[in-house]
Amino acid sequence: MSKRLLNDPLKVVLSLAKGGDDLLSKDNRSLRDIDWEQVVSLAKTHGLFCILYKTLNKADKADIPESVFSEFKNSFFKNSYRNLSLSATLIGIYDLFTQNNIAAIPIKGPLQSELIYKDIGARAFADLDILIRKKDVAKAMSLLKNHGYRTNVDIPNGQLSSFLNKENFFELSNETGSVHIDLHWELTGRYATKPVAVENLVSRTIKIDFLDRTIQTLSYEDLLIYLCIHSTSHCWDKLEPIISIAEIINAGNIDDWEALFERARKFKCKRMVMLGMMLAEYFFDAKLPVLIHPKISAEVVLKRLSKHFIRRIENNQTEFSKNVHWRFSAGHFFVRDSVIDGIRYFFRLFFQPTVREWDQYPLPDRFLFLYHFLRPYRILAGKIKS
């Protein structure tokens, strides 16, 4: 077995995430040479803890430090219990909305875990994300408030319509803060060049069996596109969404790649999708469709971007800057499908107010236009941290 593999914690993490055949199929005694402290740290950083546990559980436990395996095992079952509890909460909210004629599409969280891994305990998540139509937001929030949830920011009723046009989600939490719900009426927020509203997705949702319910969620195509947009917005700081993309590709869940790229073109995120697929191929051996190779060959900028993000991950440089200026990096500009799209992104990021401005600086109705000046002032003054 290669000493180079054993001496590189990231390569160990990647191997175990892919099933660990090159680590577990030979003499397991070589597992003793691994820097397990670094492997545990990277597994936590990249959201792969649960996936690695399922691989390690197949290995000879005598050759894995007991404390290491116990940490993986305890974290896995703790996460599974939490995911099951949150999933039950999600079902309750889904039923509440359905009973009140609110069409809801749960996304990410346990639905993504079930859809990709057939196991709601296979990945960790923090929030319950639900897509609803913009016209149903006020009603949905009222229902949740009546059931003990509170919003993270209070928007006066007279300003709600303006807020909904500027933001893409509302965050709510229960009284103990143990459950966080993000109500989305648009999928990608200020990062997308073209908004991806619920109306663009509802006709393509798929139904899955989930805790004795039939729940609709994003199609594999829309999920892959979303993962690429969302992960690009976060500078590909974790490997977990990359392995999710690889799993979708390798499982043959995409029937029509031409249609997927046409959809990405309409959403103005073709480069982001290709970037995600390139990273999935590099780190997790995703078997890319033949049609993508000439598209990649035509994108010199995209090759440079992929090398940039690969280098960041391999050098463990995935920590976000504590200052908002990381969002203005060149990578966010060049990953756009056109120069105009890049310019629009920066203008939107600079001038469009966020929930932070609404929360910290409440304004009377007639002065709402000042938010567009407040946002750039706060950025230039260094008052925005992320």
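Residues numbered from 1 in each chain as written. Predicted model: local features only at pLDDT ≥ 70, side-chain atom pairs only at ≥ 80, totals over all residues. Heavy atoms only, no water.

A tally of regular secondary structure across the protein gives 19 helices and 7 strands. The C-alpha atoms of the protein give 22 Å as radius of gyration, which agrees with the globular expectation for 386 residues (21 Å, within 12%). In terms of its C-alpha atoms, the protein occupies a principal-axis envelope of roughly 70 × 45 × 45 Å. Looking at the 386 residues of the protein, the share that counts as buried comes to 53%. (Helix = DSSP H or I, 4+ residues; strand = E, 2+ residues; numbered from the N terminus. Rg over C-alpha atoms; globule rule 2.2 N^0.38 Å. Buried < 20%, exposed > 50% of the residue type's maximum accessible area, 1.4 Å probe, protein only.)

The next point concerns the pattern of salt bridges. In total, this model carries 16 salt bridges according to the counting rule given. A salt bridge links K54 to D119; the shortest N-O distance between them is 2.9 Å. Highlighted residues: K54 in helix α5 (residues 49-56) and D119 in the loop between α7 (109-117) and β2 (128-131), separated in sequence by 65 residues. Residue classification places K54 among the partly exposed positions, given a relative accessible area of 35%. A salt bridge links R133 to E199, with the nearest nitrogen and oxygen atoms 3.9 Å apart. Of this pair, R133 sits in the loop between β2 and α8 (137-146) while E199 is found in the loop between β5 (180-184) and β6 (206-210), placing the two residues 66 residues apart along the sequence. (Salt bridge = Lys/Arg side-chain N within 4 Å of Asp/Glu carboxyl O.)

To continue, consider the side chain of R271. With respect to the helices and strands, the residue R271 is situated in helix α13 (residues 270-284). Residue R271 is classed as buried on the basis of its relative accessible area of 17%. Setting aside residues up to four positions removed in sequence, R271 forms contacts with E299, V301, L302, F334, V335, R336 and D337. (Contact = heavy atoms within 4.5 Å.)

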